[in-house]
Amino acid sequence: VAFILYGLSEPDHVSAPAPGSTEQFPMEPAPRERTPLERERAAAYRTLASHACEDAEWKKCLDDLDRARWLDPEGDRDPKVDALRAEAARGLGAK
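Keep in mind that this is a model prediction, so the values were computed, not measured. Residue numbers restart at each chain and count upward from 1, following the sequence in its written direction. Per-residue local features are limited, in this predicted model, to residues with pLDDT of at least 70; the limit for side-chain atom pairs, both in listing and counting, is 80 or more; totals at the level of whole chains, interfaces and linings are taken over all residues. Working from all heavy atoms in the structure, the side-chain values ignore hydrogens and water.

Caption draft 1: Examining the side chain of Asp76 more closely. By the element assignment, Asp76 lies in the loop between helix H3 (58–71) and helix H4 (79–93). Only protein chains enter the accessibility calculation, which uses a 1.4 Å probe; a residue is then buried when its area is under 20% of its type maximum, exposed when over 50%, and partly exposed in between. For Asp76, a relative accessible area of 13% puts it in the buried group. Helix and strand labels come from DSSP, where a helix needs a run of H or I of at least four residues and a strand needs a run of E of at least two; each type is numbered from the N terminus.

Next up, the structure:
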C-alpha cells in the first residue's frame, strides 16, 4: 500500500490531483478505458476513504471517494463504496 500511496503524489500522465488538493472534479468523468495505474490509485484512494470514515473524517472520506470515482468509475459501483458514501453522508448530516 505504501508504494501505491507514494505513487499518488508522483506527477505523471494521470490527471488527478494529489491527496490534500483542493482542486474540484466534475461530477462525472469522461467515459474511456482506465489504465491499470488509474485503477491502482483509485483503490488506494478508496482505502484512504475507508480509514477516514473509520476516524469520522466525513468530508475527507467523500473527497477520497470522489477522487477514486474520477480515476475508476467502475469501482464506484462496489457495494462497499455505496456503504462508505452512505456512512459519510449520515455523519455529515449529524453535525
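From this point, the narrative continues.
Caption draft 2: Molecular detail of the pattern of salt bridges. What makes a salt bridge here is a side-chain nitrogen of Lys or Arg within 4 Å of a carboxyl oxygen of Asp or Glu, nothing more. Under the definition given, this model contains 10 salt bridges. In this structure, the salt-bridge partner of Arg39 is Glu33, at a minimum N-O distance of 3.8 Å. Relative accessible area serves as the criterion here: at 35%, Arg39 is assigned to the partly exposed category. Judged by its relative accessible area of 66%, Glu33 is exposed.

Caption draft 3: Expanded view of unusual backbone geometry. Although it is not a glycine, Ala56 sits at a positive phi angle of roughly 60°. Positionally, Ala56 belongs in the loop between helix H2 (36–54) and H3. Classification of Ala56 as partly exposed rests on a relative accessible area of 42%.

Caption draft 4: Region of interest: the packing of H3 against H4. For helices, the fitted line uses only the C-alpha atoms of the stretch in contact; every axis is such a line through C-alpha atoms, and the angle between N-to-C directions lies from 0 to 180 degrees. Here H3 crosses H4 at 145°, and the two axes come no closer than 9 Å. For H3 against H4, the interelement crossing comes out left-handed. Contacts between H3 and H4 involve Trp58, Lys59, Cys61, Leu62, Leu65, Asp66 and Arg69 from the former and Val81, Leu84, Arg85, Glu87, Ala88, Gly91 and Leu92 from the latter. In the contact of H3 with H4, the residues fall into 8 nonpolar, 1 polar and 5 charged. A crossing counts as left-handed when the near helix is turned anticlockwise from the far one by less than a right angle, and as right-handed when that turn is clockwise. Contact criterion: two residues are considered in contact whenever any of their non-hydrogen atoms come within 4.5 Å of each other. Residue type decides the class: Asp, Glu, Lys and Arg count as charged, Ala, Val, Leu, Ile, Met, Phe, Trp, Tyr, Cys and Pro as nonpolar, and the leftover types, Gly among them, as polar.

Caption draft 5: Representation of the packing of H2 against H4. H4 packs onto H2 with a crossing angle of 35° between their chain directions and a minimal axis gap of 10 Å. Note on packing geometry: the crossing formed by H2 with H4 is left-handed. Residue-level inspection shows Arg46, Ser50 and Cys53 of H2 in contact with H4, the latter providing Val81, Leu84, Glu87 and Ala88. Of the residues belonging to the contact of H2 with H4, the class tally is 4 nonpolar, 1 polar and 2 charged.

Caption draft 6: Here's a closer look at the environment of Cys53. Here Cys53 is to be found in helix H2. Among all residues touching Cys53, those that are not within four sequence positions of it are Trp58, Cys61, Leu84, Glu87 and Ala88.

Caption draft 7: Spotlight on the nonpolar core. As used in this record, nonpolar core signifies buried Ala, Val, Leu, Ile, Met, Phe, Trp, Tyr and Cys residues forming a set joined through side-chain atoms within 4.5 Å. By size, the foremost hydrophobic cluster in this structure holds 10 residues: Ala49, Ala52, Cys53, Trp58, Cys61, Leu62, Leu65, Val81, Leu84 and Ala88. Of all the elements in the fold, those that place two or more residues in this core are H2, H3 and H4. In terms of residues, this core owes the most to one element, H3, which gives 4 residues. Residues within four places of Leu62 in sequence aside, it is in contact with Arg85, Ala88 and Leu92.

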